[in-house]
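These are the residues of each chain, in order.
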Amino acid sequence: MDEHLRDVLATIRPLEPIELQLLDAQGCVLVEDVTVPAALPPFDNSSMDGYAVRVADVQGASEEFPAVLTVVGDIAAGSAELPPVGPGEAVRIMTGAPLPPGAEAVVPVEWTDGGTGGGPATAMTARREPLGEVRVHRPATARAHVRARGSDVGAGEIALSAGTVLGPPQIGLLAAVGRATVTVRPRPRVVVLSTGSELVPPGEGLAAGQIHDSNSFMLTACARDAGAIAYRVGAVGDDPATLRATLEDQLIRADAVVTSGGVSVGAYDVVKEALSGLPADEGSVDFRRLAMQPGKPQGFGRIGPDRTPLFALPGNPVSSYVSFELFVRPAVRALMGLDPADRTTVRAVCPEGVGSSPEGKRQYLRGHYADEAVHTVGGAGSHLVKALAHANALIVVPEDATSVEAGAEVDVVLLD
């Protein structure tokens, strides 16, 4: 297994960087440090709806003895005209609005009568002419409820470093500092297809001997979860010529291809038949039998004019899922320029143990991990999709173990 993964990653090169609009860059990896051209926020501004005041004018204010100030202006967010605040004066100010000259603090409207002449206000009233007076019931310290210029990030500082994956908060930060585009490694385009003449799309009725195609849906979801843009292709029947033609059509939109089924030793193993012994100008695919369970038969190579990586995974659902996690997911991350290994492995107690494991093979069992313990879910059968759906971890039984005693510790790969 380790040798196979090393061989896979040795052939993977990160995708070339491109410049993208912000929303198109979501999920991509930055290849540049983004510095801040101007401080954020760019000016002192209010964090509350209230009144901009001088500290000395509200010192000692209380409900019994309020400070009575003359309101000389009204500042909304986005205002350019800022009336100065002099002795005995206040300016109505809204959240996000610039702090006017002379003001030293903001008193929330709830600390005042809101200019009504009554008791404590609960909200700012609509602007009235003339502005009149406001009674302030509490004192304020210097800079109270003021967001300082540059308090988020200063001009010239690094906002985001190269290697950052751009999620919603990072996209928001880029927009806030004025970046409309960024240079990133794009998300890999992964084409997923199943093989097998017995496969029928979900939603269609089944004839004798048919089953619904679940692998292509599951593996497409796996590719998306890994960060790729995934394209699901309908199942291809057991005809080598049709499979080769389908692959040739799909390579134009693929940075990687994932197939499932047709890689073992059966008479109708179409992937192996179609891709073994390719002409030198069409690439090559190596088929192997790995010391693992499930997922023993594997294929990997590079095909087409651009030598697109192709992963030929086994057809049993659990086998294909485990194979994706162990081999394809690291490759997708490598294409993005990320550390291939992102799944966390922990040690956990397995209360029920594992009755048997094949000698010389690394076994991966479905498990449910919680509170530093892991319980097996379902049996070892590689067709048990329900058990896979209820698992959140893979229990690893090493090659040199043929069982695990009840209560012993095991390695656990966390899947979420």
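Structure first, text after, so check above.
Thresholds, definitions, all that
- Residues numbered from 1 in each chain as written.
- Predicted model: local features only at pLDDT ≥ 70, side-chain atom pairs only at ≥ 80, totals over all residues.
- Heavy atoms only, no water.
- Pairing = 2+ DSSP bridges.
- Helix = DSSP H or I, 4+ residues; strand = E, 2+ residues; numbered from the N terminus.
- Axes fitted to C-alpha atoms, helices over the stretch in contact; angles between N-to-C directions.
- Contact = heavy atoms within 4.5 Å.
- Core = buried A, V, L, I, M, F, W, Y, C linked by side-chain atoms within 4.5 Å.
- Buried < 20%, exposed > 50% of the residue type's maximum accessible area, 1.4 Å probe, protein only.
- Phe/Tyr/Trp six-rings, centres within 6.5 Å; stacked < 30°, edge-to-face > 60°.
- Lys NZ or Arg CZ within 6 Å of the ring centre and 35° of its normal.
- Salt bridge = Lys/Arg side-chain N within 4 Å of Asp/Glu carboxyl O.
- Polar contact = N/O pair within 3.5 Å; in protein donor to acceptor, adjacent residues only side chain to side chain.
- Patch = residues over 30% accessible without salt bridge, like charges linked within 9 Å, V, L, I, M, F, W, Y side chains within 5 Å.
- Areas by Shrake-Rupley, 256 points an atom, 1.4 Å probe, with all protein chains shown as cover.
- Lys, Arg positive; Asp, Glu negative; His and termini not counted.
- Charge placed at Lys NZ, Arg CZ, Asp CG, Glu CD.

Honestly, the sheet that holds strand β18 (residues 283–289) in this entry has me stumped. Any pointers?
The strands that make up a sheet pair up through hydrogen bonds in the backbone, lying either parallel or antiparallel. As summarised here, the arrangement of the six strands in space is β16-β13-β17-β21-β20-β18, forming an open sheet in which the pairing is mixed. Of all the strands in the sheet, the pair left with one neighbour each is β16 (229–236) and β18. Direction aside, the axes of adjacent strands within the sheet are offset by 15 degrees on average. One ladder, built from six bridges, connects strand β13 (residues 189–195) with β16; its direction is parallel. Along β16, the bridge assignment pairs Val192 with Arg232. Strands β13, β17 (256–260), β20 (297–303) and β21 (308–313) of the sheet are contacted by helix α7 (residues 317–335), whose axis makes an angle of about 170 degrees with β21.

I keep staring at the nonpolar core and nothing clicks. Help me out?
Residues Val190, Val258, Phe311, Val322 and Phe324 are the most contacted members of the largest nonpolar core, which totals 40 residues. The biggest single contributor to this core is α7, with eleven residues. Non-local contacts of Val258, meaning those with residues more than four positions away in its chain, are made with Val190, Val191, Val192, Leu193, Leu219, Phe311, Leu313 and Val328. Of all hydrophobic cores here, the second largest spans 20 residues; its members include Val191, Leu251, Val263 and Leu310.

Please clarify how the packing of aromatic side chains should be interpreted in this entry.
Scanning all chains against the criterion turns up one aromatic pair. Ring geometry for Phe300 versus Phe311: centroids 4.9 Å apart, planes at 50 degrees, classification tilted. Note that Phe300 is positioned in strand β20 and Phe311 in strand β21, a separation of eleven residues in sequence. Comparing Phe300 with Phe311 shows no difference in burial state: the two are buried. Lying across the ring of Trp111, Arg138 places its NZ or CZ 4.1 Å from the centre.

Explanation requested: the environment of Val354 in the structure shown.
For Val354, the position within the fold is in the loop between β22 (345–350) and β23 (362–370). Taking the relative accessible area as the measure of exposure, Val354 reaches 7% and is therefore buried. Here the alpha-carbon distance between Val354 and Ala144, two residues 210 residues apart in the chain, equals 62 Å. Those residues within four positions of Val354 in sequence are excluded, and the remaining contacts are Gln363, Leu365, Val397, Ser403 and Val404.

In this structure, what is going on with the pairing of β20? I would like to understand it.
Side chains on a regular strand alternate between the two faces of the sheet. Buried residues dominate β20, accounting for six of its seven residues. With seven bridges joining them, β18 and β20 adopt antiparallel strand pairing. Within β20, the residue paired with Val285 across the bridge is Gly301. The pairing of β20 with β21 spans five bridges and is classified as antiparallel. By the bridge assignment, Phe300 is partnered in β21 with Phe311. Count of turn residues in the β20/β21 antiparallel hairpin: four residues, of which Gly304 carries a positive phi of about 80 degrees.

Is there a simple way to think about the pattern of salt bridges in this case?
Across all of its chains, the model carries 18 salt bridges by this definition. The salt bridge involving Asp286 is made with Arg288; its shortest N-O contact spans 2.9 Å. Taking relative accessible area as the criterion, Arg288 reaches 25% and is therefore assigned partly exposed. Note that Glu399 is salt-bridged to Arg362, the shortest N-O span being 3.0 Å. One end of the pair, Glu399, is in the loop between β25 (393–397) and β26 (408–414); the other, Arg362, is in strand β23, with 37 residues separating them in the sequence. For Glu399, a relative accessible area of 27% corresponds to the partly exposed category. One salt-bridge network, held together by shared partners, links Asp225, Glu325, Arg329, Arg333, Asp342 and Arg343.

I keep staring at the sheet that holds strand β2 (residues 29–30) and nothing clicks. Help me out?
Pairing is antiparallel across the open sheet formed by three strands, whose spatial order is β1-β12-β2. Across the chains shown, the open sheet's two edge strands, defined by having one partner strand only, are β1 (18–21) and β2. When β2 meets strand β12 (residues 181–185), the two strands line up antiparallel, connected through two bridges. Within β12, the residue paired with Val29 across the bridge is Arg185.

Explanation requested: the side chain of Ser216 in the structure shown.
Along the polypeptide, Ser216 turns up in helix α4 (residues 215–225). Side-chain polar atoms of Ser216 contact the side chain of Arg232, separated by 2.8 Å. Not counting residues up to four positions away in its chain, the partners in contact with Ser216 are Val192, Ser194, Arg232 and Val233.

Would you explain a negative patch on the surface in this entry?
A surface patch of like charges, here negative, comprises Glu248, Asp249, Asp281 and Glu282. Here Glu248 lies in helix α5 (residues 240–250).

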